[in-house]
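Observations on the three-dimensional arrangement
Spelled out from the first residue to the last, the chains are:
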Amino acid sequence: MHPDVLTLRQKPIPDLTPARARRVGYRDQAIDKSSPHFNEPLVDAVAAGLLGKNYYHRADNPPYYRSVPGSIKNLYSRQSVVEKLLAVDKKLAGWGLKIFLHDGFRPRAVQAYFHDVWMPAEVRRRHPQFDEADVKRETEAYWAAPTSGDMSPAPHETGAAVDMTLMVAATGAELYMGSIFDDLSSLAHPDYFERRLPGGEGKTALFESFSDEEALANRRLIYWLMADAGFASHPNEWWHFSWGDQMWARLHAVPAAHYGLAAMPR
């Protein structure tokens, strides 16, 4: 294992409870229309050299197992986001690893389907005791409301957010992260395994499971890899990273986001 990979796998993810609190109301964050990035085009990330396949357009996509209505085949992101991802991928190449993208720019129809239909139904099924306020809160812990105005876009509708994992370059095997992509529960929290570390205050004991140890280490790797590249990590989803959107601005204490709503590629 490359020494740099080992270093990141051993570096704990901080407690993300404060980040979850800061995330509340992030869509009120200002968007700087004068930013040089504001009018950047969307770029096809795969054509630019990254690997990936749009998860919502596939049918082998647990827990959905269907191509989502309104989904698109291509993986688009803003030009600067793609450039930053390519720089990360170049670093990973020296470590025998690669980025694999699941999602980038997301059409409003897909966002609306999951926020308005799929996720609320799942929450009601799993938590029949929830009232509608509880259902909305649980839904929006993972699925942003679809865009209703140019100055309050859903993160993926800006083209600034990506969903991703890491894979072994030689085999194509995805690194074990401890959950499937889109496991919309506390298991998806980047710091989930940090919170479960045994050993008390010092947290010196090991997990009983080799799988949990591997998931802990790989979540640390992807978290710090992307943080070092300037991306913000969604505090509820180990796979979601963004640069330049309102959530990124709120979590990084930047006065304004670079990107607003992106136009659907033609």
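Note: the structure precedes this text.
Residues numbered from 1 in each chain as written. Predicted model: local features only at pLDDT ≥ 70, side-chain atom pairs only at ≥ 80, totals over all residues. Heavy atoms only, no water.

As for the pairing of strand S6 (residues 161-168)
In terms of burial, S6 is a largely internal element, 7 of the 8 residues being buried. By the bridge criterion, 3 bridges tie S6 to strand S8 (residues 240-242) in an arrangement that is antiparallel. When the sheet's bridge partners are listed, Asp163 is paired in S8 with His240. (Buried < 20%, exposed > 50% of the residue type's maximum accessible area, 1.4 Å probe, protein only. Helix = DSSP H or I, 4+ residues; strand = E, 2+ residues; numbered from the N terminus. Pairing = 2+ DSSP bridges.)

Comments concerning the side chain of Arg106
Following the sequence through the fold, Arg106 ends up in the loop between strand S5 (97-103) and helix H4 (108-126). If we ignore the near neighbours within four places in the chain, the residues touching Arg106 are Tyr56, Gln111, Trp143, His156, Glu157 and Asp163. (Contact = heavy atoms within 4.5 Å.)

Things to note about empty space enclosed by the protein
Space left empty within the atom packing is revealed by a probe, the size of a water molecule, rolled over the atoms. All told, the structure shown has 1 cavity of 30 Å³ or more when counted by the stated rule. Put simply, the largest cavity is a space of about 110 Å³. Arg106, Tyr142, His156, Glu237 and His240 are the residues nearest the centre of the largest cavity, which is lined by 18 residues in total. Split by residue class, the lining of the largest cavity holds 9 nonpolar, 4 polar and 5 charged. (1 Å grid on protein atoms, 1.4 Å probe; cavity = no way out; pocket = protein on both sides within 12 Å on 5 of 7 lines; lining within 4 Å. Points joined across faces, edges and corners; volume = space filled by probe spheres on them. Nonpolar A, V, L, I, M, F, W, Y, C, P; charged D, E, K, R; others polar.)

Details of the side chain of His115
Relative to the helices and strands, His115 is located in helix H4. The exposure class of His115 is buried, given its relative accessible area of 13%. In terms of polar contacts, His115 uses its side chain to reach the side chain of Glu140, at 2.7 Å. Other than its neighbours up to four places away in sequence, His115 contacts Pro120, Thr139, Glu140, Trp143, Ala144, Ala145 and Pro146. (Polar contact = N/O pair within 3.5 Å; in protein donor to acceptor, adjacent residues only side chain to side chain.)

So, unusual backbone geometry
Negative phi values dominate among residues other than glycine, just as trans dominates among peptide bonds. Pro62 connects to Pro63 through a cis peptide bond whose omega is 10 degrees. For Pro63, the location among the structural elements is in the loop between strand S3 (51-52) and strand S4 (76-78). Even without being a glycine, Asp182 presents a positive backbone phi close to 65 degrees. Looking at where Asp182 falls in the secondary structure, it is placed in the loop between S6 and helix H6 (192-195). Exposure remark for Asp182: the relative accessible area of 3% places this residue in the buried category. With a phi close to 55 degrees, Ala253 is a non-glycine residue in the positive phi region. Structurally, Ala253 can be placed in the loop between helix H8 (246-251) and strand S9 (256-257).

Here we look at the environment of Arg58
Note that Arg58 resides in the loop between S3 and S4. By relative accessible area, which is 16% here, Arg58 ends up buried. Note: C-alpha distance between Arg58 and Thr171 (113 residues apart in sequence) is 21 Å. When sequence neighbours within four positions are dropped, the list of residues in contact with Arg58 reads Lys53, Arg66, Ser67 and His102.

So, helix H7 (residues 210-228)
Here H7 spans 27 Å end to end across 19 residues, near enough to the 27 Å set by a 1.5 Å rise per residue. Put simply, Ser209 is the residue that caps the front of H7, since its side-chain oxygen is 3.0 Å from the backbone nitrogen of Ser211. (Expected span 1.5 Å × (residues − 1).)

Observations regarding the environment of His258
Position of His258 relative to the elements: it lies in the segment after S9. Using a relative accessible area of 18% as the deciding quantity, one classes His258 as buried. Not counting residues up to four positions away in its chain, the partners in contact with His258 are Asp32, Ser35, His37, Phe38, Trp243, Gly244 and Trp248. Here the side chain of His258 touches Ser35 through a polar contact of 3.0 Å, side chain to side chain.

Scope: geometric values only; no functional claims are made or implied.
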